[in-house]
Amino acid sequence: LREVITVPTYATNCLTGVVMFPVLLVVMAIGIGRETEGMALSEVVRQFVPGSLYLAAAAGFLSLTATMGLAVSTAVSREGVRHDMRRVYPVSGKVQLGAKLLMGLTFNLASALVCAAALWALLPDMWLETLGALTVSQVFSLMWCLMSLLLDVYHPKLKWKTETEAVKQSMNAMISMFGGMLVIAMLVGAAVALVSWDVPMSAALATDVALLCLLDAALWLVLSRKASVTYCLREYSK
């Protein structure tokens, strides 16, 4: 956590969502107010958007904020030449990768909380649905962090000269970002398909959450077993 916050290159590229998405929400609220002749965003949502639909949309939006965080998708790559020293730490690879996973989850939670606070301020009547959306987004965040960390464990970019190369020029960061967006699109598609078959929106969202939980469990098993061994066996070669 300290490394990402104290290195300017890491901070500007890994903490984008904390600033970008709340600003986007405020701009959207102002735009809706102009288009609806001064009607507040809360009034528009209350009149035209069912609670279950808002919960699903808010969950998708808060999940999207996780894909902008590049800290976890470059966690192994950022070690660079220090990777050999990390390999001899008196703790298992599972513990080290678990710490990197928690780091990514922490930053993603910070981004989601800031955005949720903005939603609570803009839509106070929908506070319970926003809380539910925040919870669902963290289930997605766990899946995305596991997926991104696994990608960086198996394909790290350890040879770099500047911090910019480790983050901004990382293919893992780009793949994980667009991969997360693709997963969100697939989950939205699955929910839309279920709704078209007369399944309630709440049940469709619950199905998506169940699928995410299964993915979380499967990816954690891979990370804690095979990937942790791969992490400890990989060597930095000049």
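Residues numbered from 1 in each chain as written. Predicted model: local features only at pLDDT ≥ 70, side-chain atom pairs only at ≥ 80, totals over all residues. Heavy atoms only, no water.

Engineer: Outline the overall build of the chain, supporting the account with residue identities and numerical values.
Structural biologist: Looking only at helices and strands, the chain features 11 helices and 0 strands. For the chain, with 238 residues in total, the buried portion stands at 45%. Here the analysis covers contacts within the chain between residues at least 6 apart in sequence; of these, 85% occur between residues at least 24 apart. Total accessible area computed for the chain in this model is approximately 12100 Å², and 71% of it derives from carbon and sulfur atoms. (Helix = DSSP H or I, 4+ residues; strand = E, 2+ residues; numbered from the N terminus. Buried < 20%, exposed > 50% of the residue type's maximum accessible area, 1.4 Å probe, protein only. Contact = heavy atoms within 4.5 Å. Areas by Shrake-Rupley, 256 points an atom, 1.4 Å probe, with all protein chains shown as cover.)

Engineer: Summarise the nonpolar core; cite the residues concerned and give the values.
Structural biologist: Ranked by size, the top nonpolar core spans 36 residues in total, and within it Leu-97, Phe-140, Leu-149 and Leu-223 carry the most contacts. Secondary structure elements with two or more residues in this core: α2 (8-14), α7 (93-122), α8 (127-154), α9 (163-167), α10 (171-196) and α11 (201-233). Counting residues per element, this core draws most heavily on α8, which supplies 9 residues. Apart from residues lying up to four places away in sequence, Phe-140 is in contact with Ser-63, Ala-66, Thr-67, Gly-180, Val-183, Ile-184, Leu-187 and Leu-212. Residues Tyr-54, Phe-61, Ala-112 and Ala-116 belong to the second largest nonpolar core, which totals 19 residues. (Core = buried A, V, L, I, M, F, W, Y, C linked by side-chain atoms within 4.5 Å.)

Engineer: For the environment of Leu-122, give the residues involved together with the corresponding values.
Structural biologist: Tracing the sequence through the fold places Leu-122 in helix α7. Among the residues examined, Leu-122 registers a relative accessible area of 24% and is labelled partly exposed. Residues Leu-122 and Leu-25 lie 97 residues apart in sequence; the distance between their C-alpha atoms is 8.8 Å.

Engineer: Describe unusual backbone geometry, and please don't skip the residues or the numbers.
Structural biologist: Positive phi is not limited to glycine here, since Asp-198 has a value of about 65 degrees. Relative to the helices and strands, Asp-198 is located in the loop between α10 and α11. Among the residues examined, Asp-198 registers a relative accessible area of 73% and is labelled exposed.

Engineer: Would you mind going over α10 in detail, with residue names and values included?
Structural biologist: Taking 1.5 Å per residue as the helical rise, α10 with its 26 residues ought to reach 38 Å, and the 37 Å between its terminal C-alpha atoms agrees with that figure. A positive backbone phi angle near 65 degrees is found at Asp-198, which sits one or two residues after α10. (Expected span 1.5 Å × (residues − 1).)

Engineer: Would you mind going over the pattern of salt bridges in detail, with residue names and values included?
Structural biologist: Throughout the structure, instances matching the rule amount to 2 salt bridges. In this structure, Arg-78 engages Glu-3 in a salt bridge whose closest nitrogen and oxygen atoms are separated by 3.3 Å. Taken together, the residues Arg-78 in the loop between α5 (51-66) and α6 (83-87) and Glu-3 in helix α1 (residues 2-6) connect sequence positions 75 residues apart. Using a relative accessible area of 26% as the deciding quantity, one classes Glu-3 as partly exposed. The residue Glu-79 makes a salt bridge to Lys-100 at a minimum N-O spacing of 2.6 Å. One end of the pair, Glu-79, is in the loop between α5 and α6; the other, Lys-100, is in helix α7, and 21 residues separate them in sequence. (Salt bridge = Lys/Arg side-chain N within 4 Å of Asp/Glu carboxyl O.)

Engineer: Please give an account of the packing of α7 against α11 that cites residues and values.
Structural biologist: Helix-helix packing is characterised by the crossing angle of the two axes and by the distance between the axes. In the contact formed by α7 and α11, the axes pass within 8 Å of each other and the chain directions differ by 115 degrees. Considering the relative orientation of α7 and α11, their crossing is right-handed. Of α11, the residues touching α7 (which contributes Gly-93, Lys-94, Gln-96, Leu-97, Lys-100 and Leu-101) are Trp-220, Leu-223, Ser-224, Ala-227, Ser-228, Tyr-231 and Cys-232. Within the contact of α7 with α11, the residues separate by chemical class into 7 nonpolar, 4 polar and 2 charged. (Axes fitted to C-alpha atoms, helices over the stretch in contact; angles between N-to-C directions. Left-handed = near helix turned anticlockwise from the far one by under 90°. Nonpolar A, V, L, I, M, F, W, Y, C, P; charged D, E, K, R; others polar.)

Engineer: Outline the packing of α5 against α7, listing residues and values.
Structural biologist: Close contact between α5 and α7 brings their axes to 8 Å; oriented N to C, the two are set at 140 degrees. Taken together, α5 and α7 sit at an angle that is classed as oblique. As for how α5 packs across α7, the hand of that crossing is right-handed. Between α5 and α7, the contacting residues are Tyr-54, Ala-58, Phe-61, Leu-62, Thr-65 and Ala-66 on the first element and Asn-108, Ser-111, Ala-112, Cys-115, Ala-116 and Leu-119 on the second. (Parallel < 35°, antiparallel > 145°, perpendicular 65-115°, else oblique.)

Engineer: Give a description of a nonpolar patch on the surface that names residues and reports values.
Structural biologist: Taken together, Met-85, Val-88, Tyr-89, Val-91 and Val-95 make up a surface patch of nonpolar side chains, about 460 Å² in accessible area. Secondary-structure assignment places Met-85 in helix α6. Met-85 gets classed as partly exposed once you look at its relative accessible area, which sits at 45%. (Patch = residues over 30% accessible without salt bridge, like charges linked within 9 Å, V, L, I, M, F, W, Y side chains within 5 Å.)

Engineer: Let's hear about the side chain of Ser-224: which residues, and what values?
Structural biologist: Residue placement: Ser-224 occurs in helix α11. Reaching out from Ser-224, the side chain makes a polar contact with the backbone oxygen of Trp-220 at a distance of 2.8 Å. In terms of polar contacts, Ser-224 uses its side chain to reach the backbone carbonyl oxygen of Leu-221, at 3.4 Å. (Polar contact = N/O pair within 3.5 Å; in protein donor to acceptor, adjacent residues only side chain to side chain.)

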